[in-house]
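Single-letter residue listing:
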Amino acid sequence: MHFDPAQALRLARETLDIEAAAVVGLKARLGDGFVRAVALMLAARGRVVVMGMGKSGHVGRKIAATLASTGTPAMFVHPAEASHGDLGMIQPQDVVLAISNSGESDELVSILPLVKRLGAPLVAITGRADSTLARHADAVLDGSVEKEACPLNLAPTASTTAQLALGDALAVALLDARGFRAEDFARSHPGGALGRRLLTRVADVMRAGDEVPRVGPEASFSALMREITHKGLGASAIVDADGRPVGIFTDGDLRRLVETGRDLRALTAREVMHPRPRHIRDDALAAEAAEAMETHRITVLLVLDAGGRLVGAVNSNDLMRAKVI
């Protein structure tokens, strides 16, 4: 075994060139077959059942996962297993997406008559328009490539990249036609960063009840400082008799006040508070709170209900613990 770094880089770059050219070549061949495939999948009352053998099967699993996460119910069924009972997973209201570069995979071809007899529409991604798979299909996507990136022109490389790209193209066209939004994507990815940003509300992360520091406008400066110290938020709301905030006093305000040299003991909350405090609704997205903090360069937001009353408070540490930022 002899490793030549220069040769490895040359082959790697050549592979990327070949696969990039294969994907670009698909554009000119997209047409009525693609439109028909999308229409069949949109009209289906069931799922998109993706099938493929070998490397095409691995690509098919990824396509099924992408479809399912972007609003099109989908699953993968292995063609060989379908011949031994799993064909029962396919229903007439489903659409079958079969993937085979040659279009002649024995395990796939053997079940095509059964799929057609079942009445489920068949969409094919294949590299041969004259193949058995293409002849059975209701819509054909041409996934042919000039050559594989493999130096022996044997290992599925450029062809599987083309299949994957066509699967992504289907998923994107379908999600657009369905009006699929970022919020919908988040619901199928609740454990991910996007899910947290789009599903987490301020009410889910805010401090509420006795955890929220608050005093009345006539509270002494000492009482105000005790409230800030005991609640550990780094600030306190100043609220009127109806529980509506009229001001806020923060650790930063304290530092600036000390620098003035005033006698702090004689002051009231009203005299030291910052009026018109920044606030957010409790039903707003936590991501909106993070954006407001960044925009206004603050670390604390008061949280109000629909009536404008103080119901909570949130700071940047709360958002970081919730992994919103």
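Residues numbered from 1 in each chain as written. Predicted model: local features only at pLDDT ≥ 70, side-chain atom pairs only at ≥ 80, totals over all residues. Heavy atoms only, no water.

Some words on the sheet that holds strand β2 (residues 74–76)
What counts, and what does not: Here, any two strands with at least 2 DSSP bridges between them count as paired. The numbering of helices and of strands both runs from the N terminus, where a helix is a DSSP run of H or I of at least 4 residues and a strand a run of E of at least 2. Structural elements are reduced to axes, namely lines fitted to C-alpha atoms, with helices fitted over the stretch in contact, and the angle between N-to-C directions of any two is expressed from 0 to 180 degrees. Residues are treated as being in contact if the distance between any of their heavy atoms lies within 4.5 Å.
Read from one edge of the open sheet, five strands run β2-β1-β3-β4-β5, paired in parallel fashion. What marks the edges here is a single partner per strand, and that holds for β2 and β5 (139–142). Sheet twist, expressed as the average angle between the axes of neighbouring strands with direction ignored, equals 20 degrees. The pairing of strand β4 (residues 122–126) with β5 spans four bridges and is classified as parallel. In the strand pairing of β5, Ala124 is matched with Val140. Running over the sheet, helix α2 (residues 32–43) touches β1 (48–52), β3 (95–100), β4 and β5 and is turned about 130 degrees from β5.

Observations regarding the packing of helix α3 (residues 54–69) against helix α8 (residues 158–177)
Selection rule: In this scheme, roughly parallel covers angles under 35 degrees and roughly antiparallel covers those over 145, while 65 to 115 is roughly perpendicular and the rest are oblique. We call a crossing left-handed when the near helix sits turned anticlockwise from the far one by less than a right angle, and right-handed when that turn is clockwise. Gly is put with the polar residues, along with every residue not named as nonpolar or charged; the nonpolar set is Ala, Val, Leu, Ile, Met, Phe, Trp, Tyr, Cys and Pro, and the charged set is Asp, Glu, Lys and Arg.
Interaxial distance between α3 and α8 falls to 10 Å at its minimum, and their mutual angle equals 15 degrees. It follows from the interaxial angle that α3 and α8 lie roughly parallel. Between α3 and α8 lies a crossing whose hand is right-handed. Mapping the contact onto sequence places Lys55, Ser56, Val59, Lys62, Ile63, Thr66 and Leu67 in α3 and Thr160, Gln163, Leu164, Gly167, Asp168, Ala171 and Leu174 in α8. Within the contact of α3 with α8, the residues separate by chemical class into six nonpolar, five polar and three charged.

A closer look at the pattern of salt bridges
Which entries qualify depends on this criterion: Salt bridge, as used here: a side-chain nitrogen of Lys or Arg that lies within 4 Å of a carboxyl oxygen of Asp or Glu. Exposure categories follow from relative accessible area, calculated using a 1.4 Å probe and restricted to protein chains: below 20% of the type maximum is buried, above 50% is exposed, and the middle band is partly exposed.
Counted according to the given criterion, the structure contains 14 salt bridges. Note that Asp318 and Arg207 form a salt bridge whose closest N and O atoms lie 3.1 Å from each other. Within this pair, whereas Asp318 is found in helix α16 (residues 316–321), its partner Arg207 is found in strand β6 (residues 207–208), the two being separated by 111 residues in sequence. By relative accessible area, which is 5% here, Asp318 ends up buried. Its relative accessible area of 15% is what places Arg207 among the buried residues.

Overview of the packing of aromatic side chains
Aromatic rings in a pair are described by how distant their centres are and how their planes are angled relative to each other. Threshold: Side-chain rings of Phe, Tyr and Trp (the six-membered ring for Trp) are treated as a pair once their centres are within 6.5 Å; stacked means planes under 30 degrees apart, edge-to-face means over 60, and tilted covers the remaining angles.
Counted according to the given criterion, the structure contains one aromatic pair. Here Phe221 and Phe249 contribute two aromatic rings whose centre-to-centre distance is 5.9 Å and whose plane-to-plane angle is 80 degrees, an arrangement assigned as edge-to-face. Residue Phe221 is found in helix α12 (residues 221–231), and its partner Phe249 is found in strand β9 (residues 245–250); the two are separated by 28 residues along the sequence.

Observations regarding the side chain of Ser236
Assignment of secondary structure puts Ser236 in strand β8 (residues 235–239). Leaving out residues up to four positions away in the same chain, Ser236 has contacts with Pro213, Arg214, Val215, Leu224, Glu227, Ile228, Gly247, Ile248 and Phe249.

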